[in-house]
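Here is how the chains run, residue by residue.
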Amino acid sequence: MRIGELAARTGLSRDTLRFYERSGLLVGITRPNPANSYKDYAEANVQRLAVVACLKPLGFTLAECREILSVAMTDKGRRRVYAARKLAEVEERIRELEAARDHLREVLRVSASPSSSS
């Protein structure tokens, strides 16, 4: 399929698809006619891009997505390792954000007290 069809089927822009191609996320790209610059994209890319679409909101980087697509999709144990690692990162980030929230609340509490001066 050409890039336009891949874009239509995935809801991604052509620019995003080209970026993902340069990032190594897409596979099976061929140039069936050397006389033009058209590329054909393998059907497998629709599913690969669906996986990326699921992973990105969970905080996975494109490099992590590429690694997961290359190995972990066929290895359940590796998928669990990636998920556990990302969960630990998310939980740490939550702790950091909660500490920042608590600090900001304290700043607001202190600055709202009658004895505080601006």
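Look above for the structure.
Because the structure is predicted, anything quoted here is derived from the model rather than measured. Starting afresh in each chain, residues are numbered from 1 along the sequence in its written order. With the structure being a predicted model, the display of local features is reserved for residues of pLDDT at least 70 and the display and counting of side-chain atom pairs for 80 or more, all residues being used for whole-chain, interface and lining totals. Only heavy atoms go into the side-chain values, all of them from the structure, while hydrogens and water stay out.

Colleague: Explain the layout of surface pockets to me, please; I cannot follow it from the model alone.
Modeller: One way to see where empty space is left: roll a probe the size of a water molecule over the atoms. Put plainly, a pocket is an open set of points on a 1 Å grid over the protein atoms alone with protein on both sides within 12 Å along at least five of seven lines, a cavity is a set where a 1.4 Å probe fits but cannot get out, and a lining residue has an atom within 4 Å of a point. Grid points are joined across faces, edges and corners, and a volume is the space filled by probe spheres set on the points. The volume enclosed by the largest pocket comes to roughly 160 Å³. Note on conventions: DSSP H or I runs of at least 4 residues are helices, E runs of at least 2 residues are strands, and numbering of each starts at the N terminus. Looking at the lining of the largest pocket, the elements that each hand over two or more residues are α1 (3–10) and α2 (14–22). Broken down by element, the residue count for the lining of the largest pocket peaks at four residues, all from α2. Among the residues making up the lining of the largest pocket, the classes are represented as three nonpolar, two polar and six charged. Classification used: nonpolar for Ala, Val, Leu, Ile, Met, Phe, Trp, Tyr, Cys and Pro, charged for Asp, Glu, Lys and Arg, polar for all others including Gly.

Colleague: What exactly am I supposed to notice about the pattern of salt bridges here?
Modeller: Any two side chains of opposite charge can pair if their charged atoms end up close together. Salt bridge criterion: a side-chain nitrogen from Lys or Arg within 4 Å of a carboxyl oxygen from Asp or Glu. Considering all chains together, one arrives at eleven salt bridges under this definition. Note that Arg 95 and Glu 92 form a salt bridge whose closest N and O atoms lie 2.9 Å from each other. With Arg 95 and Glu 92 both in helix α5 (residues 76–112) and three residues apart, the pair spans about one turn of that helix. Accessible area is worked out with a 1.4 Å probe on protein chains only. A residue is then buried under 20% of its type maximum, exposed over 50%, and partly exposed in between. Taking the relative accessible area as the measure of exposure, Arg 95 reaches 47% and is therefore partly exposed. Its relative accessible area of 35% is what places Glu 92 among the partly exposed residues. Taking the shortest distance from any N to any O, the salt bridge between Arg 93 and Glu 96 comes out at 3.4 Å. Pair noted here: Arg 93 and Glu 96 are both in helix α5, with a separation of three residues, about one helical turn. Judged by relative accessible area, Glu 96 falls into the partly exposed class, the value being 40%. In the salt-bridge network here, residues are joined through shared partners; they are Glu 5, Arg 9 and Glu 43.

Colleague: Where do I start with α1 in this structure?
Modeller: Looking at α1, one finds that the buried residues are Ile 3, Leu 6 and Ala 7. Projected down its long axis, α1 shows its buried positions confined to an angular sector of 100°, all on one face. Only heavy atoms enter the contact rule, under which two residues are in contact if any of them lie within 4.5 Å. As for α1, its buried residues are in contact with α2 and α3 (44–55). Phi turns positive one or two residues past the end of α1, at Gly 11, with a value near 80°. The arc in question is traced by the directions running from the helix axis to the C-beta atoms.

Colleague: Looking at this structure, how should I read the environment of Ala 7?
Modeller: Of note, Ala 7 is situated in helix α1. When the C-alpha atoms of Ala 7 and Leu 58 are compared, they prove to be 22 Å apart, with 51 residues separating the residues in sequence. Non-local contacts of Ala 7, meaning those with residues more than four positions away in its chain, are made with Leu 12, Arg 14 and Leu 17.

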